[in-house]
Amino acid sequence: MKPFSYERPATPAEAIEAAARPGARIIAGGTNLLDLMKLGIEGPAHIVDINRIGLDRIEDTPEGGLRIGALVRNADLAAHPRVRQHYPVLTRALVSGASGQLRNKASVSGNLMQRTRCPYFYNTDMACNKRRPGSGCSAIGGVGHNFAVLGASDACIATHPSDMCVALRALDAVVEIESAGAKRSIAIADFHLLPGDTPHLETALQPGELITGIVLPSPLAGTQIYRKVRDRASYAFANVSMALVATVEHGEVVVERLAFGGLALKPWRVEAAERGPRDPDAIADIVLAGAKSCTETAYKLPLVSRMLAAALETVQ
Amino acid sequence: MTDTDGAVVEPVRVSFTINGGLLTLELDPRVTLATALREHLGLTGTKIGCDQGQCGACTVLVNGRRINSCLTLAVMHEGDSIATVEGLGTPEVLHPMQAAFIEHDGFQCGYCTPGQILSSLAVIEEIRAGMPSHVTGSLEGPVPLSDEEIRERMSGNLCRCAAYPNIIAAIRDYAGAKP
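Because the structure is predicted, anything quoted here is derived from the model rather than measured.

J.: When you look at the sheet that holds strand β11 (residues 252-261) of chain A in this model, what are you seeing that I'm missing?
T.: Across a sheet, paired strands are connected by hydrogen bonds in the backbone, their directions being either parallel or antiparallel. Residue and element names in this part refer to chain A. Strand order in the open sheet formed by four strands is β9-β10-β11-β12, with antiparallel pairing between adjacent strands. A strand with exactly one partner marks an edge of an open sheet, and here the two such strands are β9 (223-230) and β12 (268-269). As judged from the nine bridges shared by strand β10 (residues 238-249) and β11, these two strands associate in the antiparallel manner. Bridged to A243 within β11 is A259. Across the face of the sheet, helix α5 (residues 88-95) comes into contact with β9 and β10 while running at roughly 15° to β9. Contacting β9, β10 and β11, helix α12 (residues 300-313) runs over the sheet at an angle of about 35° to β10.

J.: Explain the packing of aromatic side chains to me, please; I cannot follow it from the model alone.
T.: Within a pair of aromatic rings, the relevant descriptors are the distance that separates the centres and the angle that separates the planes. Residue and element names in this part refer to chain A. All told, the structure shown has two aromatic pairs over all chains when counted by the stated rule. Considering the side-chain rings of F121 and Y122, the 6.0 Å spacing of their centres and the 75° angle between planes classify their relative orientation as edge-to-face. Residue Y122 is classed as partly exposed on the basis of its relative accessible area, which comes to 26%.

J.: What exactly am I supposed to notice about the packing of helix α3 (residues 113-128) of chain B against helix α5 (residues 164-175) of chain B here?
T.: The relative placement of two packed helices is expressed as an angle between their axes plus a distance between the axes. Residue and element names in this part refer to chain B. Closest axis-to-axis distance for the α3/α5 pair is 11 Å, and the angle between their directions is 50°. The orientation of α3 with respect to α5, classified from their angle, is oblique. When the axes of α3 and α5 are compared, the crossing they make is right-handed. Seen from α3, the contacting residues are Q116, S120, L121, I124 and R128; seen from α5, they are I167, I171, Y174 and A175. Partitioned by chemical class, the residues of the contact of α3 with α5 number six nonpolar, two polar and one charged.

Cut-offs and rules
Residues numbered from 1 in each chain as written. Chains lettered and ligands numbered in written order. Predicted model: local features only at pLDDT ≥ 70, side-chain atom pairs only at ≥ 80, totals over all residues. Heavy atoms only, no water. Pairing = 2+ DSSP bridges. Helix = DSSP H or I, 4+ residues; strand = E, 2+ residues; numbered from the N terminus. Contact = heavy atoms within 4.5 Å. Axes fitted to C-alpha atoms, helices over the stretch in contact; angles between N-to-C directions. Phe/Tyr/Trp six-rings, centres within 6.5 Å; stacked < 30°, edge-to-face > 60°. Buried < 20%, exposed > 50% of the residue type's maximum accessible area, 1.4 Å probe, protein only. Parallel < 35°, antiparallel > 145°, perpendicular 65-115°, else oblique. Left-handed = near helix turned anticlockwise from the far one by under 90°. Nonpolar A, V, L, I, M, F, W, Y, C, P; charged D, E, K, R; others polar.

Listed below in structure tokens is the structure:
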């Protein structure tokens, strides 16, 4: 690991000031950043440890929603009584991700900031436009079955691995951000960026900015479901995952919200399929409009309609 | 201080409690909690397997919660209370979970065992606290102490000897649960 200096601010304001230093990176849970630092993929000159700045509470908002502090741990968010009752798709997404140890450590803001990644991103002997912009993408034409089929570019085909963010996307969460003397909010839809020809830029967060929290709007009516298909039954990234909110109208199941993980370079909401066709195959056709697969990722395409069929059958 | 490559590193002071005793260390900030335990404090019960949070051999309890000690910097634990396998029992007086692992043959080589034991103690607490898992049915009721729940929650602890059925039996026995 490259040497770095270390700082432990006590307040968000101190953290923002420290994070503005050249080469600074913020560390919260550290479960993604430290892994990448050990491999030499990340090499910050200065580490700002924000684990003692507060922002670790979950509070009701006046609008009937929930404000989740940036340092709330994934395990605590999943277990929160209001999340379980009113945002069960979020609890289900969280507990389908990582391991018990990691969920205890990983923060919700770190989950937002985790790197979009594939095996070639991890292999520093291979070209990767994320690690070294302009060096090329070894994954395109390479070996691997978990690459993106939507939202990819000629520069990158990695998938965004978060489960939590897929649920947040379905719930229309808002990310609250502070910098020196300024505050702003950004919809989760706009927080993660598509790769284009700059896949090393993954989020809308700017240098000197600190995520302070995530706000959930008031709860949605209907049934909330999170399904995840993966290589093994536990502790694996999604091949395809799906956050679904559905209601029943005149005896018919209506898709109200639909978002996917494992398919794309960012959490993938499909508004065009919401309140649209009832048939799983017809919904899947909308979801997969413009999808590009290769021999190794073609299996993901039929999974979409099958997962929809299985999930919609359980909605009452 | 200088590191093995000759780079100058500013040491950071950190104080935490390990198995009930307060300690202060001056550390290169790159030192993970797992390495601090093993190399700086001689507490080699905590194992490093994959060193990337996949295998769980490095599991310790921090303020009562299980984490991967390989994926956290020691200096991030100022004021924390850390429990390792050395704090659980002694060869003469085993912790009941340790005794259950022996009784049920819950290991072969034993390398993953300290992590398995600390993780399993936390798993029982998580179930009793009603924290949901991927296999939990209703999110609103109590969580059953079932084999299915234990298996899912222990997925962050790998055993290359594949003693899994016996590990589950040991945990079930300790917790007083029925198969």
